[in-house]
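For reference, the chains in residue letters:
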Amino acid sequence: MNQLSDRLNSLSPSATLAMSQKSAELKAQGVDVINLSVGEPDFNTPDHIKEAAKKAIDDNFSRYSPVPGYPALRDAIVEKLKKENGLEYTAAQISCANGAKQSVCNAILVLVNPGDEVIVPAPYWVSYPEMVKLAEGTPVIVPAGIDQDFKITPAQLEAAISPKTKVLILCSPSNPTGSVYSKEELAGLAAVLAKYPQVVVIADEIYEHINYIGEHQSIAQFPEMKERTVIVNGVSKAYAMTGWRIGFIAGPEWLVKACNKLQGQYTSGPCSVSQKAAEAAYAGTQAPVEKMRKAFERRRDLIVKLAKEVPGFEVNVPEGAFYLFPKCDSFFGKSAGERKINDSDDLAMYLLEVAHVACVGGASFGAPECIRMSYATSDENIVEAIRRIKEALAELK
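Note that the structure is predicted; figures quoted are calculated from it, not measured. (Residues numbered from 1 in each chain as written. Predicted model: local features only at pLDDT ≥ 70, side-chain atom pairs only at ≥ 80, totals over all residues. Heavy atoms only, no water.)

Counting secondary structure elements, the chain contains 13 helices and 14 strands. Against the globule reference of 21 Å for 397 residues, the chain gives a C-alpha radius of gyration of 21 Å, in line with a compact fold. Along the first, second and third principal axes, the C-alpha atoms of the chain reach 60 × 55 × 55 Å. Looking at the chain as a whole, 54% of its 397 residues are labelled buried. (Helix = DSSP H or I, 4+ residues; strand = E, 2+ residues; numbered from the N terminus. Rg over C-alpha atoms; globule rule 2.2 N^0.38 Å. Buried < 20%, exposed > 50% of the residue type's maximum accessible area, 1.4 Å probe, protein only.)

Rendered as structure tokens:
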């Protein structure tokens with residue numbers, strides 16, 4: 001008997017979580033797997049943040065918080081946006097959630113009606129189209145290949161906009177590609193959007209601080225876009241706090257109030273202790289953030305250099321986040337014994353089972369010709385993983 005809703009049956013499972021689980025299962029069997037599938041820093045949460053959480057427990061921050069989060073945390077976010085991004089918000093324009101993932105989903109659910117179109121540049125994070133489907137909207141995929149550094153152009157954006165377009169989801173720095181939109185590139189997109197005032201931008205900036213080209217740029221900086229942009233951010237990537245589950249939105253007050261109304265009916269406010277930890281992250285020293293960023297940049301340089309030496313890989317240089325997204329379709333149609341590689345999902349499974357390296361096939365990211373590798377791991381693991389990958393790929397004929 002299947003009594004599941006059509007809503008659930010329309011969704012695809014998360015490919016990133018599935019690969020991570022398969023990797024864990026092999027490890028549990030004693031296989032030495034190097035996991036390049038995970039989208040989280042391998043560093044520990046900085047000590048001053050952990051101390052703030054311990055103090056919050058001792059100070060009895062153990063009761064329900066306001067739905068959008070404690071005022072002190074929202075004030076700290078307001079200050080962060082002003083100081084780091086030059087953007088003026090009030091605490092009433094901030095709403096905290098159980099991770100940036102919920103923040104994105106909240107924004108989609110309060111904006112999108114059945115049949116509305118949501119423009120999703122590809123490659124995209126696996127959950128974006130699924131969240132749009134959850135809202136009964138229609139994802140409109142706009143592909144951007146490695147030849148354009150996986151970034152859409154103003155002309156592509158304009159061609160995708162229709163009378164049904166309600167939202168554009170923009171992720172910079174990008175998961176899965178590490179691509180970063182420059183101020184000039186964002187200005188070009190903003191100029192197009194200025195002609196279509198009905199389109200709201202959900203700007204996912206969760207990788208803001210893992211940036212190798214200088215100052216982060218937000219599309220909300222353009223005057224005509226600020227009241228039409230929902231910034232999504234959080235503490236998970238920059239502060240190595242993935243499990244603490246604190247994300248936030250910053251946007252026009254009408255939209256933030258709508259997200260509060262929605263969240264008040266299905267999760268309420270996020271974890272009280274995590275909020276006090278996040279407050280310390282934003283208000284305290286930023287030295288650990290820069291230390292981790294430098295480590296990621298060093299690893300980026302290492303994995304790019306090694307991956308470029310793998311015959312059959314086409315590699316660009318990611319400018320942020322901690323992912324490499326090599327094009328690997330030169331291996332499609334090749335075989336190793338009885339095993340044939342038809343697509344990037346096959347290739348990812350081959351690399352897991354033969355090379356014992358976990359990557360994620362690109363189909364779920366809207367780029368079936370690529371695979372995603374996370375370099376949020378040690379230099380030694382990166383060197384050994386690429387060595388194994390190179391060896392396994394050489395067996396494909």
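What follows deals with helix α3 (residues 47-58). End to end, α3 covers 17 Å across 12 residues, agreeing with the expected 16 Å (1.5 Å per residue, within 8%). Where α3 is concerned, the buried positions are Ile 49, Ala 52, Ala 53 and Ala 56. Buried residues of α3, seen end-on, are gathered within an arc of 100° and therefore sit on one face of the element. The exposed set on the far side of α3, more than 90 degrees from its buried face, consists of Asp 47, Lys 55, Ile 57 and Asp 58. (Expected span 1.5 Å × (residues − 1). Arc of directions from axis to C-beta.)

With numbering matched to this structure, UniProt assigns "domain: Aminotransferase class I/classII large" (unreviewed entry) to residues 32-389. Helix and strand shares over residues 32-389 are 38% and 15% respectively, and the end C-alpha atoms of the span are 14 Å apart. (UniProt positions renumbered as here; feature names shortened; annotations may be inferred.)

This paragraph deals with the pairing of strand β7 (residues 229-234). Burial within β7 is extensive, with six of its six residues counted as buried. Of the two faces of β7, the one lined by Thr 229, Ile 231 and Asn 233 and the one lined by Val 230, Val 232 and Gly 234 are each fully buried. As paired elements, strand β6 (residues 200-204) and β7 share four bridges and run parallel to each other. Bridge pairing in β7 links Val 201 to Thr 229. Here β7 runs beside strand β8 (residues 247-250); their pairing, made up of four bridges, is antiparallel. (Pairing = 2+ DSSP bridges.)

Strand order across the open sheet formed by three strands is β9-β14-β13, with antiparallel pairing between neighbours. Edge positions in the sheet fall to β9 (323-324) and β13 (360-361), since each has one partner strand and no second.

Looking now at the nonpolar core. Core analysis: the biggest nonpolar cluster contains 82 residues, and Phe 313, Leu 347, Leu 351 and Met 373 have the highest contact counts within it. Not counting residues up to four positions away in its chain, the partners in contact with Phe 313 are Ala 307, Pro 326, Lys 327, Cys 328, Phe 331, Ile 371, Met 373, Ile 389 and Leu 393. Counting residues in hydrophobic clusters, the runner-up holds 27 residues, among them Leu 73, Ile 246, Ala 278 and Ala 281. (Core = buried A, V, L, I, M, F, W, Y, C linked by side-chain atoms within 4.5 Å. Contact = heavy atoms within 4.5 Å.)

Here Ala 122 and Pro 123 are connected by a cis peptide whose omega angle stands at 5°. Mapped onto the elements of the fold, Pro 123 is located in the loop between β3 (117-122) and α6 (127-134). With an omega of -10°, the peptide bond between Ser 172 and Pro 173 qualifies as cis. Here Pro 173 shows up in the loop between β5 (165-171) and α8 (183-193). Non-glycine residue Glu 136 carries a positive phi angle of around 65°. Within the secondary structure, Glu 136 sits in the loop between α6 and β4 (138-143). Of note, Arg 245 is a non-glycine position whose phi angle comes to about 60°, a positive value. If you trace the backbone, Arg 245 turns up in the loop between β7 and β8.

Taken in spatial order, the seven strands of this open sheet run β2-β8-β7-β6-β5-β3-β4, and their pairing is mixed. Unpaired on one side and paired on the other, β2 (94-97) and β4 mark the two borders of the sheet. Between one strand and the next, the sheet's axes are offset by a mean angle of 20°, whatever the strand orientation. Packed onto the sheet, α6 meets β3, β4, β5 and β6 and runs at close to 155° relative to β4. (Axes fitted to C-alpha atoms, helices over the stretch in contact; angles between N-to-C directions.)

A few words on the side chain of Asp 204. Secondary-structure assignment places Asp 204 in strand β6. Look at Asp 204: it is buried, it has no salt bridge, and the nearest opposite charge is Lys 237 at 8.7 Å. Residues contacting Asp 204, with those up to four places away along its chain left out, are Val 104, Tyr 128, Leu 170, Cys 171, Ser 172 and Val 232. (Lys, Arg positive; Asp, Glu negative; His and termini not counted. Salt bridge = Lys/Arg side-chain N within 4 Å of Asp/Glu carboxyl O.)

This part covers helix α13 (residues 379-394). Think of an α-helix as 3.6 residues a turn; residues three or four steps apart then line up on the same face. For α13, which comprises 16 residues, the first-to-last C-alpha distance of 23 Å matches the rise-based estimate of 22 Å (1.5 Å per residue) to within 8%. Within the span of α13, buried status applies to Ile 382, Ala 385, Ile 386, Arg 388, Ile 389, Ala 392 and Leu 393. Take α13 and look down its axis: the buried residues cluster within an arc of 165°, on one side only. Summarising the geometry of α13, the exposed residues directed more than 90 degrees from the buried face are Glu 380 and Glu 391. Those residues of α13 that are buried are in contact with β1 (34-35), α11 (287-307), α12 (344-355), β12 (357-358) and β14 (371-374).

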